[in-house]
Number of protein chains: 2
Amino acid sequence: MKVQFYTDTPAEPAEVPGVGIRWVVGKKDGAPNFAMRVIEVQPGSNTPYHTHDFEHEVYVLEGTGVIRSPQGDQPVEPGTVVYVAPNEEHGFFNQGDGVLRFICVVPHVG
Amino acid sequence: MKVQFYTDTPAEPAEVPGVGIRWVVGKKDGAPNFAMRVIEVQPGSNTPYHTHDFEHEVYVLEGTGVIRSPQGDQPVEPGTVVYVAPNEEHGFFNQGDGVLRFICVVPHVG
């Protein structure tokens, strides 16, 4: 068992500016199937608008913004849950004054 | 893509009093690998102290209490991350005045 505060896992820079990823539970802990990340998007920044062949299960912790998809922009706030299916285009855009922080769980890939 | 507030998914009673489970993302949404639940433990209540052959990946959203394991009781608060490995004994005990609310992700089983 591992019990930690989420900030005990350092934020790694993502492939775009203004986005950090904390891999709070993952392969390094022996997790057999999926990884929990805490993603932090700075004001005015966004995660890449992209697609991939695996899913996301997301819970928004802090901040406000939108999730962009072919369905348009949908607002997110603390308590919003998002399921992104494999191969769905998506990106998270911070449109607030503070950090946009969310949990994003992914299967082990690669 | 599904975008919802977590309370849009009703809480189902768990096998013990004082505990509710919201299956916010799961098989019903087409999720291929794992399910995200929001678990709510009322003051003075706890999840069963038990074990099973699959893992938990947990993020505490609200409230205070402990996670009990063979390692003893460890405090949890908002922002605490817990990884429970397969076959580890565990239970979440609400020791605060308000609800203890946490995300708990599990692989599809059964």
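As shown above, the structure is provided for reference.
Residues numbered from 1 in each chain as written. Chains lettered and ligands numbered in written order. Predicted model: local features only at pLDDT ≥ 70, side-chain atom pairs only at ≥ 80, totals over all residues. Heavy atoms only, no water.

Engineer: Please clarify how the overall build of chain A should be interpreted in this entry.
Structural biologist: A tally of helices and strands in chain A yields zero helices and ten strands. The N-to-C order of helical and strand elements in chain A reads β-β-β-β-β-β-β-β-β-β. A compact globule built from 110 residues would reach a C-alpha radius of gyration of about 13 Å, and chain A, at 13 Å, matches this within 12%. Oriented by its inertia axes, the alpha-carbon framework of chain A measures out at about 40 × 30 × 25 Å. When each of the 110 residues of chain A is scored for burial, the buried share is 55%. Of the contacts formed within chain A by residues at least 6 apart in sequence, a portion of 61% connects residues at least 24 apart. Accessible surface, chain A as shown: approximately 4600 Å² in total, 51% of it carbon and sulfur. (Helix = DSSP H or I, 4+ residues; strand = E, 2+ residues; numbered from the N terminus. Rg over C-alpha atoms; globule rule 2.2 N^0.38 Å. Buried < 20%, exposed > 50% of the residue type's maximum accessible area, 1.4 Å probe, protein only. Contact = heavy atoms within 4.5 Å. Areas by Shrake-Rupley, 256 points an atom, 1.4 Å probe, with all protein chains shown as cover.)

Engineer: Which parts of the structure should I look at to understand the sheet that holds strand β6 (residues 65-69) of chain A?
Structural biologist: Residue and element names in this part refer to chain A. An order of β7-β6-β9 is seen for the three strands of this open sheet, with the pairing classed as antiparallel. In this open sheet, the two strands that pair with only one neighbour each are β7 (72-76) and β9 (91-94). Taken over all neighbouring pairs, the strand axes of this sheet differ in orientation by 30° on average, direction set aside. By the bridge criterion, five bridges tie β6 to β7 in an arrangement that is antiparallel. (Pairing = 2+ DSSP bridges. Axes fitted to C-alpha atoms, helices over the stretch in contact; angles between N-to-C directions.)

Engineer: Can you walk me through the packing of aromatic side chains in this structure?
Structural biologist: Given two aromatic rings, their pairing is described by the distance between the two centres and the angle made by the two planes. Within this structure, the stated rule accounts for seven aromatic pairs over all chains. Between the aromatic rings of Tyr6(A) and Tyr59(B), the centroid separation amounts to 6.0 Å while the plane-to-plane angle is 50°, which identifies the pairing as tilted. You can see Tyr6(A) sitting in the loop between β1 (2-5) and β2 (12-13) and its partner Tyr59(B) sitting in strand β5 (residues 56-62), one on each of two chains. Neither Tyr6(A) nor Tyr59(B) differs from the other in exposure class; each is buried. Members of the aromatic cluster, each reached through a chain of ring pairs, are Phe5(A), Tyr6(A) and Tyr59(B). The aromatic ring of Trp23(A) is capped on one face by Arg37(A), whose charged end is 5.0 Å from the ring centroid. Directly above the ring of Phe93(B) sits Arg68(B), whose terminal nitrogen or CZ lies 3.9 Å from the centroid. (Phe/Tyr/Trp six-rings, centres within 6.5 Å; stacked < 30°, edge-to-face > 60°. Lys NZ or Arg CZ within 6 Å of the ring centre and 35° of its normal.)

Engineer: I would appreciate a short explanation of the interface of chain B and chain A in the present structure.
Structural biologist: Interface size is commonly expressed as the accessible surface area that is lost when the partners come together. On the side of chain A, 43 residues touch chain B, which itself brings 43 residues to the contact. Interface area for chain B against chain A, summed over the two sides, is near 3400 Å², with a carbon-plus-sulfur share of 67%. Looking at the side of chain B facing chain A, the largest losses of area belong to Met1(B), Phe34(B) and Tyr83(B), adding up to 25% of the total buried there. There are 13 residue pairs in polar contact (both at pLDDT 80 or more) connecting chain B and chain A. (Buried area = accessible area lost by both parts, 1.4 Å probe. Polar contact = N/O pair within 3.5 Å; in protein donor to acceptor, adjacent residues only side chain to side chain.)

Engineer: Help me understand the relation of the copies chain B and chain A, please; the structure alone is not making it clear to me.
Structural biologist: A rotation about some axis, followed by a shift along it, carries one copy of the chain onto the other. For these two chains of identical sequence, chain B goes onto chain A by a turn of 180° and a shift of 0.0 Å along the axis, with RMSD 0.0 Å. Both copies are brought into coincidence by an operation consistent with a two-fold rotation axis. With an isologous cut-off of 70% or more, the 100% of interface residues of chain B that recur at the interface of chain A puts this contact in the isologous class. (Least-squares fit on C-alpha atoms with pLDDT ≥ 70 in both.)

Engineer: In this structure, what is going on with the sheet that holds strand β7 (residues 72-76) of chain B? I would like to understand it.
Structural biologist: Residue and element names in this part refer to chain B. Pairing is antiparallel across the open sheet formed by three strands, whose spatial order is β7-β6-β9. A single partner strand is all that each edge strand has here, and the edge strands are β7 and β9 (91-94). On average, each strand axis in the sheet is inclined to that of its neighbour by 30°, with strand direction left out of account. Note: strand β6 (residues 65-69) against β9, four bridges, orientation antiparallel. Among the inter-strand pairings, Arg 68 is bridged to a residue of β9, identified as Gly 91.

Engineer: Whenever I open this one, the state of the cysteines confuses me. Can you help?
Structural biologist: Throughout this description, disulfide means a covalent bond between two cysteine sulfur atoms. According to the stated counting rule, one finds zero disulfides over all chains in the structure shown. There is no disulfide at Cys104(A), and the cysteine sulfur nearest it, in Cys104(B), is 17 Å away. A residue is classified by how much of its surface remains accessible, and Cys104(A), at 1% relative accessible area, is buried. (Disulfide = S-S within 2.5 Å.)

Engineer: Sorry if this is basic, but what is going on with the layout of surface pockets here?
Structural biologist: It is a probe the size of a water molecule, rolled over the atoms, that shows where empty space is left. By volume, the largest pocket is sized at about 350 Å³. The wall of the largest pocket is formed by 24 residues, among which Ile21(A), Arg37(A), Phe54(A), His56(A) and Val106(A) lie closest to the centre. Elements that contribute at least two residues to the lining of the largest pocket include exactly β3 (19-25), β4 (34-41) and β10 (100-107) of chain A. Across the lining of the largest pocket, the residue classes tally to 14 nonpolar, seven polar and three charged. Looking at the second largest pocket, it is lined by 16 residues, and the ones nearest its centre are Ile21(B), Arg37(B), Ile39(B), His50(B) and His56(B). For the lining of the second largest pocket, the secondary-structure elements that each account for two or more residues are β3 (19-25), β4 (34-41) and β10 (100-107) of chain B. Of the residues that constitute the lining of the second largest pocket, the class distribution is nine nonpolar, five polar and two charged. (1 Å grid on protein atoms, 1.4 Å probe; cavity = no way out; pocket = protein on both sides within 12 Å on 5 of 7 lines; lining within 4 Å. Points joined across faces, edges and corners; volume = space filled by probe spheres on them. Nonpolar A, V, L, I, M, F, W, Y, C, P; charged D, E, K, R; others polar.)

By themselves these figures say nothing about function.
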